[in-house]
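Residues per chain, in single letters:
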There are 4 protein chains.
Amino acid sequence: MSSTWGRNIKITIFGESHGTCVGGVVDGLPPGMVIPVELIEFELRRRKPGGNLATARKEDDSYEIISGIYQGMTTGAPLAVVFRNKDIRSGDYEEMRSKPRPSHADYVSMVKYNGFGDHRGGGRFSGRLTAFLVFAGALAKSILSERGGIEVGSHLLKVGQVEDQPFETEISPQELKLLGGMEMPFLKDGINEKALSYLEKIKKSGDSVGAIVETAAIGVPAGIGEPFFDSFESVLSGLLYSIPGVKGVDFGKGFGFAEMKGSEANDSFFMKGKSVATITNNSGGINGGITNGMPIVFKTAFRPTPSIGKEQETIDMDEMESAKLSVSGRHDPCIAVRALPVVEAALALALLDLQMEGEALNG
Amino acid sequence: MSSTWGRNIKITIFGESHGTCVGGVVDGLPPGMVIPVELIEFELRRRKPGGNLATARKEDDSYEIISGIYQGMTTGAPLAVVFRNKDIRSGDYEEMRSKPRPSHADYVSMVKYNGFGDHRGGGRFSGRLTAFLVFAGALAKSILSERGGIEVGSHLLKVGQVEDQPFETEISPQELKLLGGMEMPFLKDGINEKALSYLEKIKKSGDSVGAIVETAAIGVPAGIGEPFFDSFESVLSGLLYSIPGVKGVDFGKGFGFAEMKGSEANDSFFMKGKSVATITNNSGGINGGITNGMPIVFKTAFRPTPSIGKEQETIDMDEMESAKLSVSGRHDPCIAVRALPVVEAALALALLDLQMEGEALNG
Amino acid sequence: MSSTWGRNIKITIFGESHGTCVGGVVDGLPPGMVIPVELIEFELRRRKPGGNLATARKEDDSYEIISGIYQGMTTGAPLAVVFRNKDIRSGDYEEMRSKPRPSHADYVSMVKYNGFGDHRGGGRFSGRLTAFLVFAGALAKSILSERGGIEVGSHLLKVGQVEDQPFETEISPQELKLLGGMEMPFLKDGINEKALSYLEKIKKSGDSVGAIVETAAIGVPAGIGEPFFDSFESVLSGLLYSIPGVKGVDFGKGFGFAEMKGSEANDSFFMKGKSVATITNNSGGINGGITNGMPIVFKTAFRPTPSIGKEQETIDMDEMESAKLSVSGRHDPCIAVRALPVVEAALALALLDLQMEGEALNG
Amino acid sequence: MSSTWGRNIKITIFGESHGTCVGGVVDGLPPGMVIPVELIEFELRRRKPGGNLATARKEDDSYEIISGIYQGMTTGAPLAVVFRNKDIRSGDYEEMRSKPRPSHADYVSMVKYNGFGDHRGGGRFSGRLTAFLVFAGALAKSILSERGGIEVGSHLLKVGQVEDQPFETEISPQELKLLGGMEMPFLKDGINEKALSYLEKIKKSGDSVGAIVETAAIGVPAGIGEPFFDSFESVLSGLLYSIPGVKGVDFGKGFGFAEMKGSEANDSFFMKGKSVATITNNSGGINGGITNGMPIVFKTAFRPTPSIGKEQETIDMDEMESAKLSVSGRHDPCIAVRALPVVEAALALALLDLQMEGEALNG
């Protein structure tokens, strides 16, 4: 187990998809911080189920902060938040109790928790738990933005056969803001329609599809990250890989480096006015595990939602024999669409935690 | 800072490329374990500098265990090990003191440590520190192999333009052993020559190239990994991203999932004799952050060594103006070739740490 | 900040005295454990406010488990619990907003949290937060008792001028059980009356008094504790010193050792049937930071409740000048009386955490 | 296991009494710090064996810093230090291999490490490991003194029948400095002789005696400590209880609070010029787990050295039958005399770690 993450900003997550609630605790917030209610709601809406391309489950994602605030401001004490579950149809999941969904956590949960895990709706493995991450991420985003002008944003680089262009070396706050407001954010014009009709086709066929999300942070000062063993990439990838469905993370050119020579890959330094910058940003803003002042750029690969309507081969764990399974619950054709604010939350939390770490060091 | 990693098997790393030594501490080893001297030396040789395609630096990588053993066996106390540095030519690095190498840690180190970092040979950012990881990994491999028949191995999936085939769904211990014995391990026959001549050409041109390493572990039981926030992928990727040069990590189909449908991507369960298995292994042996009993398969992308002989654009930090730099030190054309045992060490350490975690839970 | 404690059984605490609730998260519980409802309620009653000698605040200490259980059993997921606050009279505390109570946390809270802390009823510094510790401790007690026959108990060794006798070398489960059932547990007969009338006198005079609690655990196997830096004493004292009001902890003869010679203090070994035991237990069951199989015995000193009715000297923080203060809230004459189950909870949690640690090591 | 302590300043300890060395790693030091060589040597001399009242073992306690420094200054990388063992007479310990010394760690070590522990000279349980703590503590003291004018010091409050007076409410830097220079520091005049002759008598009789050390830190700002679960008392007592021989720790009046009323115990606030102070300091400078700006004052109780020359009852673990044992090794009559710098090191490390924690919070 470790439901607690972080060293300077510390989060503890709990809850189940079809239990009483999902929620968590955020520890280490500075006292006197006004809760950024609008930002939290904006971010939760981006993640929210119920859209055309999302699961049909209706949750208004309303939350209650049950500790750590007084008169609308943080107190320095741990802040606990609870999202009560409302629209639960656990009957949908009875079959999965004995027949694990292929590539889902059903089977490993049975093994690991000796059959005692809450299987309903994926239990603790459900994407619904990310509501808390988005909440905590909004607090982190707010601090990063106010303290240091750091802004984050992301777009869909690839959704099945629909491909977007990657971020340029220079990324503006306006661009990131614009992306945040889109239901399906792309950098390239005119592919939104194409993506929508593609996903509707996928949905109709009872199938799902994977995707790649590209994310950036701008305004990040040089010097954040603790090499061996808390490199910026280590801490961020560790957190990203806790998001359900993530199966790949790379930074800058990432896997593309395999085909590059050093002379092509290296980012030459130059003086940009009075500050140091690089001409290219193949490194994604990170050298030796430490931010170098250029935009942080990374990609996150999501697998297709394993819950699909099509009939699949599995086993019946009661009988220990092969069986057929068709999942009738409510699911997304492409979870990545709703996962963008979750990825950004992970980035904001990793940035804040490591920035505070550096401050303790030099304090 | 965090030079300490792990919860059940805990490692602390120290040392610099051109300082007194590199080394570290391994805590949590079971008492009474015979030090696997041959395995340690075998693994260190795989990582060792001095080969044809490696840096010309000569280090015999001899080590001294200075605590935690008695009569050749572990005592239960922390084991500390030291690799003294011998073949040091720090003069090679004088120029880099003020002229940071593009894409290397030189610049971020100056910023983060206010100019006090040991810049010689990359200091603490040097790949030489991975000698300790390989040492600790050999201890972990030995425990995993003896306790539970877990074996690990890897090959070069891609080196510049040379491409190997990926692991099959079924992987045998013999296959992994064979790969361990090769200087440049490939699965495909007849590409070794091609790769050698390719790398020699790269080296002659004073350049370097990136690569992708594919790694597997077999014999891994289902149930290892702690979702939120210590998923198997989280813990392993966190450790991998501490290895110098790593810029990408994905599991199973990883980034390839972006083009797959759920119906293609899902690994159907079936009864393989009396045990549960999956027909395909697109998930790389991990569902919901927990091992499912299939081989663990993941890829690690390495950037080209930033230290190249070719002249590069940089800045002179004393003058804060642009400058030229040609690196004359001794460097690898492709660090990934020597990094295979380091990646495997990370895998073995992550596996052991999380397996012990699970045992505490169910104990 | 660190509202999270433990490595194998991990607790995160939150809440405030006069906010929405107090509560916490328990992570690392084995799956399939039946919630020991009766034991939890028994322990909560022991800690409960409202008795004759306790604060007049009425809280039924009812709780809601909001995650981590399914069909009355643990699932392996983090268990979160919430105790809603009901009987709140925050008006009592308005004066303390600017006039810190002597020896209370009011002043340091103002400094540390820049005046943003929730001051009502002591906020996060309130003893009310220990309700969660008692809850978590009951879970730990239940596991220790069922898995290994470990039982814990305590008595009041000293309350102002009333002094009890210490535990004998041999301690029986019956004796501990008996103590658990007493409102004011003493080992010596006939001092209960004396203590009651003493405390009533203290209460009437608007004053409070300190106390020493002596606690024991029996059935503890040898080998628990991790010297440097998680000795049994380190881990337990660290947790005890988080309980509001604790100002002293010692083990076995503790401070009494200062007057003893080695020849008097050493506990000679002998064969007790087929097992190793010691004739005396001056060490309190711990040598070198590790349990030795004898009963664990330690003392915890509580300061007098700082909130007293008598008029006191303080300062007015708004005016930065001296001021008078009489506290009119509801307070205990001797918090130690209600703190016994809290001390035992700390012991049970420390024991369980360190026992699981040892199991991971030897697994 | 946990040989690593701390969050912001992190130490990892290793080594054995009669192995190759003792030593450790200090992580989190600010870069550019000049190694305080004189202070380190001064502190090591205070702890050093070989004095009249100390074990006859001769170790010059010379050390080698093997990483983390460059040109005499810290680099920001982990600093590793090694004290090689020289004067080893392991033959002295052959008998203890099977006959555990009463109240020593011999027996629990056999049980915990299945007989594989290094028993020579107490192995990892030896007081010799504290040489590293004193080294690390000197670095911490140096930072605390330079950054914020914090000074620490201690005296022997009680050694068997010899009793000193406690610290006054006001403590001056001069007073602490004076104590640091004494071989046997007392506050009261004229008891030094008495103590010396008392200890010589104890030594001649082949016995040992316990003691209480009282320690203070002055210049400590208000606001250090993290209640639930890293109260100042929690963190410091946790570290103190890792020092071999410590069996009691209390703060301010500590165990004396049991006989005090709130009206006597409470420390009234007053304006001391422009700053807030308290008239008395019964709380030892800590309220609610957080420093209040007054001197930190605490007591540490040491048990008598268990290794005594007198014949003792024990068991022969090979035969599992009773046996006699006379320890012939070289031992201190009162370890507390040499433990003062170790206690101060623990205080300095705890202060520094928690002060940095607070800075990260408010950064």
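Structure shown above.
Note that the structure is a prediction, hence the values are computed from the model and not measured.

**So, the overall build of chain A**
Link 1 in the chain: For chain A, the count of helices and strands is eight helices and 18 strands.
Link 2 in the chain: Scaling as 2.2 N^0.38, a compact globule of 363 residues should have a C-alpha radius of gyration of about 21 Å, and chain A matches this with 21 Å.
Link 3 in the chain: The dimensions of chain A, computed from C-alpha atoms along their principal axes, are 70 × 50 × 35 Å.
Link 4 in the chain: The buried share among the 363 residues of chain A stands at 68%.
Link 5 in the chain: Taking the intrachain contacts of chain A between residues at least 6 apart in sequence as the baseline, contacts between residues at least 24 apart amount to 72%.
Link 6 in the chain: Only carbon and sulfur atoms are counted for the fraction: they give 50% of the accessible area of chain A, which is about 11,300 Å².

**Re helix α3 (residues 130–148) of chain A**
Residue and element names in this part refer to chain A.
Link 1 in the chain: If you check α3, its first and last C-alpha atoms are 26 Å apart, about what 19 residues at 1.5 Å a residue would give, namely 27 Å.
Link 2 in the chain: Buried residues dominate α3, accounting for 15 of its 19 residues.
Link 3 in the chain: With its phi angle positive at about 65°, glycine 149 sits one or two positions after the end of α3.

**Focus: the sheet that holds strand β2 (residues 10–15) of chain C**
Link 1 in the chain: The five strands lie next to each other as β1-β2-β3-β7-β4 (chain C), forming an open sheet whose pairing is antiparallel. Only two strands of the sheet have a single neighbouring strand rather than two, namely β1 (4–5) and β4 (64–67) of chain C.

**Quick word on helix α6 (residues 232–240) of chain A**
Link 1 in the chain: Most of α6(A) sits inside the fold, with nine of its nine residues counted as buried.
Link 2 in the chain: Along α6(A), the residues that are buried comprise A:Phe232, A:Glu233, A:Ser234, A:Val235, A:Leu236, A:Ser237, A:Gly238, A:Leu239 and A:Leu240.

**Some points on the relation of the copies chain D and chain C**
Link 1 in the chain: Mapping chain D onto chain C calls for a screw motion: a turn of 180° about the axis and a shift of 0.0 Å along it, with 0.0 Å RMSD after fitting. The two molecules are tied by a two-fold rotation axis, judged by turn and shift. Using C-alpha coordinates, one finds that chain D approaches the rotation axis most closely at D:Gly238, a distance of 2.5 Å.
Link 2 in the chain: Looking at the interface residues of chain D, 99% of them are also at the interface in chain C, so both copies use one shared face.

**Describing the side chain of C:Asp27**
Link 1 in the chain: Residue position: C:Asp27 is located in strand β3 (residues 21–27).
Link 2 in the chain: Despite its burial, C:Asp27 remains without a salt bridge, the nearest opposite charge being carried by A:Arg124 at 5.2 Å.

**Digging into the sheet that holds strand β2 (residues 10–15) of chain A**
The pairing of strands in a sheet happens through backbone hydrogen bonds and is either parallel or antiparallel.
Residues and elements named next belong to chain A.
Link 1 in the chain: Pairing is antiparallel in the open sheet, where five strands are placed in the order β1-β2-β3-β7-β4. Of all strands in the sheet, those with a lone pairing partner are β1 (4–5) and β4 (64–67), marking the two edges.
Link 2 in the chain: One ladder, built from two bridges, connects β1 with β2; its direction is antiparallel. Bridge assignment links tryptophan 5 to a residue of β2, and that residue is isoleucine 11.

**A few points about the packing of α6(A) against helix α6 (residues 232–240) of chain B**
Link 1 in the chain: Between α6(A) and α6(B), the shortest axis-to-axis distance is 8 Å and the interhelical angle comes to 170°. Taken together, the axis directions place α6(A) and α6(B) in an arrangement best described as roughly antiparallel. On α6(B), the residues touching A:Ser234, A:Ser237 and A:Gly238 of α6(A) are B:Ser234, B:Ser237 and B:Gly238.
Link 2 in the chain: Looking at side-chain class alone, the contact of α6(A) with α6(B) contains no nonpolar, six polar and no charged residues.

**Let's talk about the pairing of strand β10 (residues 211–218) of chain A**
Residue and element names in this part refer to chain A.
Link 1 in the chain: Burial analysis of β10 places eight of its eight residues in the buried class, which makes it a mostly covered element.
Link 2 in the chain: The alternating pattern of β10 places Ala211, Val213, Thr215 and Ala217 and Ile212, Glu214, Ala216 and Ile218 on opposite faces, both of which are buried.
Link 3 in the chain: Relative to β10, strand β8 (residues 151–159) is paired through eight bridges, and the arrangement is antiparallel. Residue pairing in the sheet places valine 159 in a bridge with alanine 211 of β10.
Link 4 in the chain: Bridge analysis of β10 against strand β16 (residues 296–302) gives seven bridges, and the strand direction is antiparallel. When the sheet's bridge partners are listed, alanine 217 is paired in β16 with isoleucine 296.

**Things to note about the interface of chain D and chain C**
Link 1 in the chain: Each partner contributes residues to the interface: chain D has 101 residues there, and chain C has 100 residues.
Link 2 in the chain: Around 8,100 Å² of area is buried between chain D and chain C when both sides are counted, 62% of it from carbon and sulfur atoms.
Link 3 in the chain: Together, D:Phe228, D:Phe229 and D:Lys247 form the three largest contributors to the area buried by chain D at its contact with chain C, with a combined 12%.
Link 4 in the chain: Linking chain D to chain C there are six salt bridges.

**Quick look at the pairing of strand β13 (residues 275–278) of chain B**
All names here are of chain B.
Link 1 in the chain: Of the pairings in the sheet, the one linking strand β12 (residues 269–272) to β13 comprises four bridges and is antiparallel in character. Note that in β13 the partner of methionine 271 across the bridge is valine 276.
Link 2 in the chain: The hairpin turn running from β12 into β13, its antiparallel successor, is two residues long, and glycine 273 in that turn takes a positive phi close to 65°.

**A look at the packing of aromatic side chains**
Link 1 in the chain: Going through the model one piece at a time under the given rule, you end up with 30 aromatic pairs over all chains.
Link 2 in the chain: Note on B:Tyr63 and B:Phe83: the rings are 5.8 Å apart at their centroids and 50° apart in plane angle, and the pair reads as tilted. Of this pair, B:Tyr63 sits in the loop between α1 (37–47) and β4 (64–67) while B:Phe83 sits in strand β7 (residues 79–84), placing them 20 residues apart in sequence.
Link 3 in the chain: Residue classification places B:Phe83 among the buried positions, given a relative accessible area of 0%.
Link 4 in the chain: Consider the rings of C:Phe228 and C:Phe229, whose centres lie 5.4 Å apart with planes at 80°: the pair is edge-to-face. When sorted by exposure, C:Phe228 lands in the same class as C:Phe229, which is buried.
Link 5 in the chain: Grouped by ring-pair contacts, the aromatic residues A:Tyr63, A:Phe83 and A:Phe135 constitute a single cluster.
Link 6 in the chain: Above the ring of A:Phe257, the side-chain terminus of B:Arg303 is found at 5.0 Å from the ring centroid.

Criteria and thresholds
Residues numbered from 1 in each chain as written. Chains lettered and ligands numbered in written order. Predicted model: local features only at pLDDT ≥ 70, side-chain atom pairs only at ≥ 80, totals over all residues. Heavy atoms only, no water. Helix = DSSP H or I, 4+ residues; strand = E, 2+ residues; numbered from the N terminus. Rg over C-alpha atoms; globule rule 2.2 N^0.38 Å. Buried < 20%, exposed > 50% of the residue type's maximum accessible area, 1.4 Å probe, protein only. Contact = heavy atoms within 4.5 Å. Areas by Shrake-Rupley, 256 points an atom, 1.4 Å probe, with all protein chains shown as cover. Expected span 1.5 Å × (residues − 1). Pairing = 2+ DSSP bridges. Least-squares fit on C-alpha atoms with pLDDT ≥ 70 in both. Lys, Arg positive; Asp, Glu negative; His and termini not counted. Salt bridge = Lys/Arg side-chain N within 4 Å of Asp/Glu carboxyl O. Axes fitted to C-alpha atoms, helices over the stretch in contact; angles between N-to-C directions. Parallel < 35°, antiparallel > 145°, perpendicular 65-115°, else oblique. Nonpolar A, V, L, I, M, F, W, Y, C, P; charged D, E, K, R; others polar. Buried area = accessible area lost by both parts, 1.4 Å probe. Phe/Tyr/Trp six-rings, centres within 6.5 Å; stacked < 30°, edge-to-face > 60°. Lys NZ or Arg CZ within 6 Å of the ring centre and 35° of its normal.

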